[in-house]
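# Structural description and commentary
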Amino acid sequence: MSEPDLYLLGRAGPEEERLKRQIANLAPDSDQQLERIGIRPGERVLDLGCGPGGVLHLLGKRVGPTGSVLGIERDAHFVELARRFVASHALRQVEVREGDAYATGLPRGSFDGAHMRLVLVNVPEPERIVREMVSLVKPGGWIASFEADFLAHVCDPPLAAWDRLLAAYVAYSAARGIDLHIGRRTQRLFREAGVEALSTDAVVHVYPPGHDRRPILRDFIANVREGLVDEGFIGRAELEVELQALDRHLADPSVLVTSHLFFRVSGRIPGMREASGR
Ligand SMILES: C[S@@+](CC[C@H](N)C(=O)[O-])C[C@H]1O[C@@H](n2cnc3c(N)ncnc32)[C@H](O)[C@@H]1O
């Protein structure tokens, strides 16, 4: 078990670039979820763990110039990138602050809605972040989560190297207290935190050759490769051999590749909640 407060995937250049590409890749799926929530112009909303931009632009567009969006991000470098991202979209109603989603210090019950995407799959105590998120939303307000579950990391035909690298990554994450199947658990965490009118669906995509997300397993392994070797999850020589096999497989256009199953959960904070909040 090591530092619980480091972002699992690090923030070296390649991860930064991956997260930037992800903003565009996941925008249609996120926007569809936000559309169903019925966010109104003028709302004051929150995005926890916004990374270098996340959905800030999508939320900003929905609340409009009379509303406001606050992005909270723990990593100072990502905060800087997110501010640039917001500026590039000319969204004056969006603010990004450095902060910790475990304990934001924000006033309880003060937001019309709160969202987070792919944060829980990186943290060892997801229930604490859920409780914090729920506590920040007004009675009757909305909450939304877009979260990963590694169930659907699949290739066909199967490849032993794929299975071994995925197993090493799962073990590495578990050693940090991280549940890579948190996606399926999110609606339960929300229910236990008192969220009502829960609505959940899931999306998964097939990534053809040339798609940004086709090599995502390789990207994850590359981000943590030194840790995998240093902590004994895989030998260095074996890692190199398996990565080469994975690369050959990914380059074969006849190979089918999927990645995460994304669970989209949304719900409402009970309207009768006591004003003292939780
Ligand atoms: C996979 S990235 C997702 C970024 C963005 N939400 C998106 O979907 O594009 C996870 C982000 O959560 C941030 N994060 C992890 N733990 C956090 C915490 N306790 N408080 C605030 N941010 C956190 C990480 O720094 C990282 O930027």
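Please refer to the structure placed before this passage.
Let me sum up the structure you'll find in this document.

Criteria and cut-off values
Residues numbered from 1 in each chain as written. Predicted model: local features only at pLDDT ≥ 70, side-chain atom pairs only at ≥ 80, totals over all residues. Heavy atoms only, no water. Helix = DSSP H or I, 4+ residues; strand = E, 2+ residues; numbered from the N terminus. Buried < 20%, exposed > 50% of the residue type's maximum accessible area, 1.4 Å probe, protein only. Contact = heavy atoms within 4.5 Å. Expected span 1.5 Å × (residues − 1). Bend = angle between axes of the 7 residues up to and from the residue. Axes fitted to C-alpha atoms, helices over the stretch in contact; angles between N-to-C directions. Parallel < 35°, antiparallel > 145°, perpendicular 65-115°, else oblique. Left-handed = near helix turned anticlockwise from the far one by under 90°. Nonpolar A, V, L, I, M, F, W, Y, C, P; charged D, E, K, R; others polar. Near = heavy atom within 4 Å. Polar contact = N/O pair within 3.5 Å; in protein donor to acceptor, adjacent residues only side chain to side chain. Areas by Shrake-Rupley, 256 points an atom, 1.4 Å probe, with all protein chains shown as cover. Pairing = 2+ DSSP bridges. Right-handed = clockwise from strand over helix to strand, strands pointing away. Salt bridge = Lys/Arg side-chain N within 4 Å of Asp/Glu carboxyl O.

### Topic: unusual backbone geometry
- Cis rather than trans, the peptide bond between aspartate 156 and proline 157 has omega equal to 5°.
- Tracing the sequence through the fold places proline 157 in the loop between β6 (155-156) and α5 (160-174).
- One non-glycine residue, alanine 90, adopts positive backbone phi at about 50°.
- Locating alanine 90 in the fold gives a position in the loop between α3 (76-88) and β3 (94-98).
- A relative accessible area of 63% places alanine 90 in the exposed class.
- Not every positive phi belongs to a glycine, and alanine 197 is a case in point at roughly 50°.
- Locating alanine 197 in the fold gives a position in strand β7 (residues 196-206).

### Considering the environment of glycine 140
- Considering the arrangement of structural elements, one finds glycine 140 in strand β5 (residues 137-149).
- Along the sequence, glycine 140 and arginine 188 sit 48 residues apart, while their C-alpha atoms lie 19 Å from each other.
- Leave out the neighbours within four places in its chain, and glycine 140 touches Arg268, Ile269, Pro270 and Gly271.

### Things to note about helix α1 (residues 13-37)
- Taking 1.5 Å of rise per residue, 25 residues should cover 36 Å, and α1 covers 34 Å from first to last C-alpha, within 8% of that figure.
- When the local axis directions of α1 are compared, the greatest deviation, roughly 50°, occurs at alanine 27, which is followed within four positions by the proline proline 28.

### Considerations on the packing of α5 against helix α7 (residues 216-230)
- Where α5 meets α7, the closest approach of the two axes is 10 Å, and the angle between their N-to-C directions is 55°. Overall, the two elements α5 and α7 adopt an arrangement that is oblique. The handedness of the crossing between α5 and α7 is left-handed. Contacts between α5 and α7 involve Trp162, Leu165, Leu166, Ala168, Tyr169 and Tyr172 from the former and Leu217, Phe220, Ile221, Val224, Gly227 and Leu228 from the latter.
- Looking at the contact of α5 with α7 residue by residue, the class counts come to eleven nonpolar, one polar and no charged.

### What about the site of the ligand?
- Every one of the 19 residues lining the ligand counts as a neighbour, but Gly49, Glu73, Asp100, Ala101 and Arg117 are closest to it.
- A distance of 3.0 Å separates a nitrogen atom of the ligand from a polar side-chain atom of arginine 74.
- Between a nitrogen atom of the ligand and a side-chain N or O atom of aspartate 100, the distance comes to 2.8 Å.
- A total of 600 Å² of accessible area belongs to the ligand in isolation, and the protein chains cover 99% of it.

### With respect to the side chain of arginine 62
- Looking at the secondary structure, you find arginine 62 in helix α2 (residues 56-63).
- At 3.3 Å, the side chain of arginine 62 forms a polar contact with the side chain of aspartate 31.
- Every residue in contact with arginine 62, bar those within four places of it in the chain, is listed here: Asp31, Leu34, Glu35, Ile39, Arg40 and Pro41.

### Brief notes about the pairing of β5
- Among the 13 residues that make up β5, ten are buried, leaving the element largely enclosed by the rest of the structure.
- Bridge count between strand β4 (residues 111-117) and β5: six bridges; the pairing is parallel. Each bridged residue has a counterpart across the sheet, and for phenylalanine 111 the counterpart in β5 is valine 137.
- Between the parallel elements β4 and β5, the chain passes through helix α4 (residues 126-135) in a crossover that is right-handed.
- Pairing of β5 with strand β8 (residues 256-268) involves eight bridges; the strand directions are antiparallel. Each bridged residue has a counterpart across the sheet, and for aspartate 149 the counterpart in β8 is leucine 261.

### Description of the pattern of salt bridges
- Tallying each qualifying case throughout the model produces 22 salt bridges.
- The partner of glutamate 132 in a salt bridge is arginine 108, and the shortest N-O contact between them spans 2.9 Å. Of this pair, glutamate 132 sits in helix α4 while arginine 108 is found in the loop between β3 and β4, placing the two residues 24 residues apart along the sequence.
- You can call glutamate 132 buried: its relative accessible area is 8%.
- Its relative accessible area of 36% is what places arginine 108 among the partly exposed residues.
- A salt bridge links glutamate 125 to arginine 128; the nearest nitrogen and oxygen atoms lie 3.0 Å apart.
- The partly exposed category is assigned to glutamate 125, whose relative accessible area is 31%.

### Description of the pairing of strand β2 (residues 68-73)
- By the criterion of burial, β2 is predominantly enclosed, with five of the six residues buried.
- In this sheet, β2 lies alongside strand β1 (residues 44-48) in parallel orientation, the contact comprising five bridges. Each bridged residue has a counterpart across the sheet, and for valine 45 the counterpart in β2 is valine 69.
- In the classification by handedness, the crossover that spans β1, the intervening α2 and the parallel β2 is right-handed.
- In this structure, β2 lies alongside β3, joined through five bridges in parallel fashion. Within β3, the position partnered with valine 69 by the bridge is valine 94.
- A crossover links β2 with its parallel partner β3, the connecting element being α3, and its sense is right-handed.

Functional significance is not addressed by these values, which are geometric in nature.
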